[in-house]
Amino acid sequence: VRMRRIHDGRNALNVASVWLQSFGLIWLAVRIDHPLVWLVTFPLMGRSFALYSILAHEAAHKLLFTDKRCNDAVGRWGLAYRGFLPPAVCRRSHFAHHREEFGPEEPDLAFYSGYPAARSSLRRKLRRDITGESGWKNLKGLLSALRSPLGRPIALRILFAQVYVWAILLAIGGWDRWWLYPLFWLAPWMTVWRVLNRLRSIAEHGGLTKSDDRRQTTHVVRQSWMARFWIVPFNTGWHLAHHVDMGVPFQQLPELHDELVAAGWITPELEYPSYLALWRTAASGPEPT
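From a predicted model like this one, the values you see are computed outputs, not experimental measurements.

Focus on the overall build of the chain
Along the backbone of the chain there are 14 helices and 2 strands. Relative to the compact-globule value of 19 Å for 289 residues, the chain shows a C-alpha radius of gyration of 19 Å, a close match. With respect to the principal axes defined by its C-alpha atoms, the chain has extents near 60 × 55 × 45 Å. A distance of 7 Å separates the average location of the 35 positive side-chain charges in the chain from that of its 23 negative side-chain charges.

Here it is as structure tokens:
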């Protein structure tokens, strides 16, 4: 029971901190208005979408707030829609992922399969991400959903949330800085966030295989402050613990991980010393001839 406790007050602050780290960052950049500050703001805004996504993921698991209506409302309007995520679709597909990683219903197989890959192959994927090619495909999917009776309601909610975001940015920067939304919200989502999301996905399940043993489907990586800042905030790096019990809120995942280590179920041989070491392994496949 203690391990599954949901922290309402702390999560309210966590949600507020995500808003502050996105809108507050742009507010600060507008006030300072220096080229170096704008340069730093761009990648940090890409990281902001990791924060929105991970707390939306927590809401999808109904672990953000004990009141389920509040959990879903904040998860949708305060997090998911702002990060271009369709929460109902994400919840269904994500639960399919939890039921059986690498199974026939695995929604993220494209992110996980084919590793170890050739270094040139991974480099091409990351190049498509950072140049916005991957993001444009995702954005086109959202726009095409407007023509679908099934997808239109969710697509309209996401677009409404984006208009609301743009209105906030106009309030921050004024009409003469109308470009704040396309340049410092949409563009980081289409580029920096794509890179971070792919690297995190590889670090979670890349190159593993279908198995009833979760240790064969999910990586274990030693955590560092830099990785937790850029790639796996909100304890997402303790991903094997999350797959062992998806009903444990993110605050307790390190404790659950430690218990699994103490029980001898997670052994040192399973752990990568860093994310860089894991990505090197993921890019160690043979080059095509």
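Still to come is the rest of the account.
Details of the side chain of N71
Relative to the helices and strands, N71 resides in helix 3 (residues 68–80). In this structure the side chain of N71 is engaged in a polar contact, spanning 3.1 Å, whose partner is the side chain of D72. Excluding anything up to four places from it in sequence, N71 contacts A59, K62, L63, L64, F65 and R91.

Some details on the packing of helix 6 (residues 119–130) against helix 10 (residues 192–205)
At a closest axis distance of 7 Å, the pairing of helix 6 and helix 10 adopts a crossing angle of 145 degrees. Taken together, the residues of helix 10 that come into contact with helix 6 (itself represented by L122, K125, L126, D129 and I130) are V192, R194, V195, R198, L199 and I202. Partitioned by chemical class, the residues of the contact of helix 6 with helix 10 number 7 nonpolar, no polar and 4 charged.

What to know about unusual backbone geometry
Each neighbour pair has its own omega, and for Y115 with P116 the value is 5 degrees, a cis peptide bond. Looking at where P116 falls in the secondary structure, it is placed in the loop between helix 5 (109–112) and helix 6. In this structure, D33 takes a positive phi of about 50 degrees despite not being glycine. As for its position among the elements, D33 is in the loop between helix 1 (8–32) and helix 2 (35–60).

Re the packing of helix 10 against helix 14 (residues 275–282)
In contact at an axis separation of 10 Å, helix 10 and helix 14 are set at 85 degrees when each is read in the N-to-C sense. Considering the angle they form, helix 10 stands roughly perpendicular to helix 14. Counted together, L199, I202 and A203 of helix 10 and Y275, L278, W279 and A282 of helix 14 form the full contact between these two elements. For the contact of helix 10 with helix 14, a count of residues per class yields 7 nonpolar, no polar and no charged.

Section: helix 1
The first and last C-alpha atoms of helix 1 sit 35 Å apart over 25 residues, in line with the 36 Å expected at 1.5 Å per residue. Close packing links the buried residues of helix 1 with helix 2, helix 3, helix 8 (152–173) and helix 9 (180–190). Directly beyond the C-terminal end of helix 1, a positive phi value near 50 degrees is found at D33.

As for helix 10
Over its 14 residues, helix 10 runs 21 Å from end to end, which matches the ideal 20 Å to within 8%, given 1.5 Å per residue. For helix 10, the buried fraction is high: 14 of the 14 residues fall into the buried class. Positive phi appears at G207, one or two residues downstream of helix 10, with a value of about 80 degrees.

Section: a nonpolar patch on the surface
There is a patch of nonpolar side chains on the surface, built from W27, L28 and I32 and spanning about 290 Å² of accessible area. With respect to the secondary-structure elements, W27 resides in helix 1. Given the relative accessible area of 41%, W27 is considered partly exposed.

Quick look at the pattern of salt bridges
For the structure shown, the criterion picks out 11 salt bridges. The residue D245 makes a salt bridge to R4 at a minimum N-O spacing of 2.8 Å. Remark: R4 occurs in the segment before helix 1 and D245 occurs in the loop between helix 12 (239–244) and helix 13 (253–262); sequence separation between them is 241 residues. For R4, a relative accessible area of 46% corresponds to the partly exposed category. One salt-bridge network, in which partners are shared between bridges, spans K62, D72 and R91.

Procedures and definitions
- Residues numbered from 1 in each chain as written.
- Predicted model: local features only at pLDDT ≥ 70, side-chain atom pairs only at ≥ 80, totals over all residues.
- Heavy atoms only, no water.
- Helix = DSSP H or I, 4+ residues; strand = E, 2+ residues; numbered from the N terminus.
- Rg over C-alpha atoms; globule rule 2.2 N^0.38 Å.
- Lys, Arg positive; Asp, Glu negative; His and termini not counted.
- Charge placed at Lys NZ, Arg CZ, Asp CG, Glu CD.
- Polar contact = N/O pair within 3.5 Å; in protein donor to acceptor, adjacent residues only side chain to side chain.
- Contact = heavy atoms within 4.5 Å.
- Axes fitted to C-alpha atoms, helices over the stretch in contact; angles between N-to-C directions.
- Nonpolar A, V, L, I, M, F, W, Y, C, P; charged D, E, K, R; others polar.
- Parallel < 35°, antiparallel > 145°, perpendicular 65-115°, else oblique.
- Expected span 1.5 Å × (residues − 1).
- Buried < 20%, exposed > 50% of the residue type's maximum accessible area, 1.4 Å probe, protein only.
- Patch = residues over 30% accessible without salt bridge, like charges linked within 9 Å, V, L, I, M, F, W, Y side chains within 5 Å.
- Areas by Shrake-Rupley, 256 points an atom, 1.4 Å probe, with all protein chains shown as cover.
- Salt bridge = Lys/Arg side-chain N within 4 Å of Asp/Glu carboxyl O.

Shape descriptors only; they carry no functional weight alone.
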